[in-house]
Amino acid sequence: MQVADGVITTMNLNGDFFLEPDEALAEINRALLGLPVDASHAELASAVNHAVAEGTVMFGFDANAVATAVRRATGYATRWEDHQWEVIRPQVIPIQTQVALDQLLTEDVAAGRTRPAMRLWQWPEDQPSVVIGSFQSYSNEVDPQAVDEHGITVVRRVSGGGAMFMEDDNCLTYSLYLPTSLVDGMSFTDSYPFLDSWVMDALASTGVKAFYQPLNDIATPEGKIGGAAQKRLAAGSMLHHVTMSYDIDAEKMTQVLRIGREKISDKGVRSAKKRVDPLRRQTGLSRQQIWDVLINTFAEHYQAEVRDLTDEEITRAEALAAEKFSTESWTHRVP
């Protein structure tokens, strides 16, 4: 492919695919000529679809695959191996600073201040928390009386999705900070399992057969173990966040979260325990051992370097936590 004055001037599509009739290849190449070099995935796929005549057989590829190939050739779509990845080890940091780090590190990737990374969370044992989604109603999600009774810290994150009951010893949480070019052209539905394919391999190595339930639940044949959430920035980076249950205090969870409150009973608590089947029971491993599996699997898959948070990153996150994530105005921005 060649580009001049911001448009595609020469196109030569090739690969180990099957296409009938042969003439369709020239039609596809011609359809892409003259398109802007920054044409979106949807625009490129549409051009290909309009170029091929009815009855054309494309085996081993389709219009979306062509669009992805073009976007990769122009640098607007990337693969895992196109980036230098890091793993950031868990460090004991207050939950407000954890959610602040998610915003800062996602912004840092967009600005080129840091490499794409996977970061594991760890917060004080004496700070049981509920992390609610960016657009959730505080009063609809948590019971203020139970929050006070159990000493729960409630914080609002920047990503969407549902509320997460997060006692320190009871869950495993990680975040990915990455350029959106890695999921260029993907639907939200497809991006979730794509970004977590490595963790499915990690869990499989511990004997856990995990899979995705659309849109964003991670499950096993024995029950749900976690969920994911995302936030995409216009600047070109995104946050992908996952919390998985390591252990569970279902009774406390159903007191704190308004999960079917009108139906809560002993049976309801037993049902919650059944729906969420924690990794501690399924693996028999300590949380530290599972952390090690996640770190090693990600590092091996993507040749990632392992590091700790820098003092500068922590200082900036603490300032943002004080300015935003610890405030009533942010936590209760949707009452």
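Sequence order sets the numbering: in each chain, residues are counted from 1 along the sequence as written. pLDDT decides what is reported in this predicted model: residues at 70 or higher carry local features, side-chain atom pairs at 80 or more are listed and counted, and totals for whole chains, interfaces and linings draw on all residues regardless. Only hydrogens and water are set aside when side-chain values are computed; all heavy atoms of the structure are taken into account.

Asks: Just checking my understanding: could you explain the sheet that holds strand β11 (residues 211–213) for this structure?
Replies: Sheets are built from strands paired through backbone hydrogen bonds, the pairs being either parallel or antiparallel. One requirement defines pairing of two strands: DSSP has to find at least two bridges between them. Note on conventions: DSSP H or I runs of at least 4 residues are helices, E runs of at least 2 residues are strands, and numbering of each starts at the N terminus. Pairing in this open sheet of eight strands is mixed, and the strands run β11-β12-β13-β14-β10-β6-β5-β15 from one edge to the other. Lying at the two open borders of the sheet, with one neighbouring strand each, are β11 and β15 (305–307). Each strand of the sheet is rotated relative to its neighbour by a mean of 25 degrees, with strand direction disregarded. Alignment of strand β5 (residues 86–88) against β15, held across three bridges, turns out to be parallel. The residue of β15 that forms the bridge with Ile88 is Arg307. Lines fitted to C-alpha atoms define the axes, with helix axes restricted to the stretch in contact, and inter-axis angles between N-to-C directions lie between 0 and 180 degrees.

Asks: Whenever I open this one, the side chain of His241 confuses me. Can you help?
Replies: Structurally, the position occupied by His241 is in strand β14 (residues 237–245). With a relative accessible area of 1%, His241 lands in the buried category. Only heavy atoms matter for contacts: two residues are in contact if any of them lie within 4.5 Å across the pair. Once residues lying within four places of it in the same chain are set aside, the contact partners of His241 are Asp102, Trp121, Met164, Thr173, Tyr174, Ser175, Gly227, Ala228 and Ala229. Relative accessible area decides the class of each residue, using a 1.4 Å probe on protein chains only: under 20% of the type maximum gives buried, over 50% gives exposed, and in between gives partly exposed.

Asks: Even after reading the chapter, I still don't get the sheet that holds strand β9 (residues 164–166), so can you show me in this structure?
Replies: With respect to topology, three strands assemble into an open sheet ordered β8-β7-β9, the strand pairing being mixed. Two strands close off the open sheet at either side, each with one partner strand: β8 (153–156) and β9. Geometrically, the sheet is characterised by an average inter-axis angle of 20 degrees between neighbouring strands, direction not taken into account. In this fold helix α4 (residues 95–111) packs onto β7 (129–132), β8 and β9, with an angle of close to 15 degrees to the strand it touches most, β8.

Asks: Can you help me understand the side chain of Arg157 in this one?
Replies: Relative to the assigned elements, Arg157 resides in the loop between β8 and β9. His is not counted, nor are the chain ends; Lys and Arg add positive charge and Asp and Glu add negative charge. A pairing counts as a salt bridge when a side-chain nitrogen of Lys or Arg comes within 4 Å of a carboxyl oxygen of Asp or Glu. One buried charge, Arg157, has no salt-bridge partner; the nearest side chain with opposite charge is Asp102, at 7.1 Å. Separated by 3.1 Å, the side chain of Arg157 and the backbone oxygen of Val131 make a polar contact. Definition of a polar contact: a pair of N or O atoms within 3.5 Å, with one able to donate and the other able to accept a hydrogen when the atoms are protein atoms, and with sequence-neighbouring residues admitted only if both atoms are side-chain atoms. Of the polar contacts made by the side chain of Arg157, one reaches the backbone oxygen of Gly162; its length is 2.8 Å.

Asks: Honestly, the nonpolar core in this entry has me stumped. Any pointers?
Replies: Buried together is how nonpolar side chains tend to be arranged in soluble globular proteins. Membership of the largest hydrophobic core comes to 37 residues, with the highest contact counts inside it found for Tyr174, Trp198, Met244, Leu279, Leu294 and Phe298. Elements with a minimum of two residues in this core: β6 (117–120), β10 (171–179), α7 (188–195), α8 (197–205), β13 (223–232), β14 and α12 (287–302). The biggest single contributor to this core is α12, with seven residues. In this structure, Phe298 is in contact with Trp80, Trp85, Glu86, Val87, Met118, Leu176, Trp198, Gln303 and Ala304, ignoring residues within four places of it in sequence. We call a set of buried Ala, Val, Leu, Ile, Met, Phe, Trp, Tyr and Cys residues a nonpolar core when their side-chain atoms join them within 4.5 Å.

Asks: Teacher, can you tell me more about the packing of aromatic side chains here?
Replies: Geometrically, a pair of aromatic rings is defined through the distance of the ring centres and the angle of the planes. Whether two aromatic rings pair depends on their centres lying within 6.5 Å, for rings of Phe, Tyr and Trp, where Trp uses its six-membered ring; planes under 30 degrees apart make the pair stacked, over 60 edge-to-face, and the rest tilted. Applying the stated criterion across every chain yields a total of 14 aromatic pairs. Centroid distance Trp85 to Phe298: 5.9 Å. Interplanar angle 80 degrees. Geometry classified as edge-to-face. In this pair, Trp85 sits in the loop between α3 (63–73) and β5 while Phe298 sits in helix α12, placing the two residues 213 residues apart along the sequence. An identical accessibility class is assigned to Trp85 and Phe298; each is buried. Where Tyr192 meets Tyr212, the ring centres are 6.4 Å apart and the plane angle is 45 degrees; that geometry is what we call tilted. Pair noted here: Tyr192 is in helix α7 and Tyr212 is in strand β11, with a separation of 20 residues, a long-range link. By relative accessible area, Tyr212 is classed as buried at 15%. As a reminder, the over-ring test applies to NZ of lysine and CZ of arginine, requiring each to be within 6 Å of the ring centre and within 35 degrees of the ring normal. One Lys or Arg, Arg232, reaches over the ring of Phe188 and ends 4.1 Å from the middle of that ring.

Asks: It is not clear to me how α12 should be interpreted in this structure. Could you clarify?
Replies: Every α-helical turn comprises 3.6 residues, leaving residues that sit three or four positions apart pointing alike. Here, expected helix span is obtained from the residue count minus one, scaled by 1.5 Å. Taking 1.5 Å of rise per residue, 16 residues should cover 22 Å, and α12 covers 23 Å from first to last C-alpha, within 8% of that figure. Taken together, the buried positions of α12 are Arg287, Ile290, Trp291, Val293, Leu294, Ile295, Thr297, Phe298, Ala299 and Tyr302. Within two residues after α12, Gln303 carries a phi angle of roughly 50 degrees, on the positive side.

Asks: Is there a simple way to think about the pairing of β7 in this case?
Replies: Here is the key point about a regular strand: its side chains alternate between the two faces of the sheet. Residues of β7 alternate between two faces, with Ser129 and Val131 on one and Val130 and Ile132 on the opposite face, all of them buried. Both β7 and β8 contribute to a ladder of four bridges, which runs parallel. Considered in β8, the bridge of Val130 is made with Val154. Taken together, the three bridges between β7 and β9 define a ladder with antiparallel strand orientation. By the bridge assignment, Ser129 is partnered in β9 with Met166.

Asks: Would you take a moment to explain the pairing of β6 for this structure?
Replies: A two-sided burial pattern is seen for β6, the buried positions comprising Ala117 and Arg119 on one face and Met118 and Leu120 on the other. Here β5 runs beside β6; their pairing, made up of three bridges, is parallel. The residue bridging Glu86 from the neighbouring strand is Ala117, located in β6. Look down the strands so they point away from you; if going from the first strand over the helix to the second traces a clockwise path, that crossover is right-handed. Chirality of the crossover, the property in question, places the unit of β5, α4 and β6 among those that are right-handed.

Asks: What am I meant to see in a nonpolar patch on the surface here?
Replies: Every patch collects residues that have over 30% relative accessible area and no salt bridge, joining them within 9 Å if they carry like charges and within 5 Å if they are nonpolar side chains (Val, Leu, Ile, Met, Phe, Trp, Tyr). Each accessible area is a Shrake-Rupley result for a 1.4 Å probe, and residues are judged covered by the shown protein chains and nothing else. Where nonpolar side chains cluster on the molecular surface, the patch consists of Phe18, Val57 and Phe59 and spans about 340 Å² of accessible area. Turning to its location among the elements, Phe59 is positioned in strand β4 (residues 57–59). Of the residues examined, Phe59 reaches a relative accessible area of 55% and is grouped as exposed.

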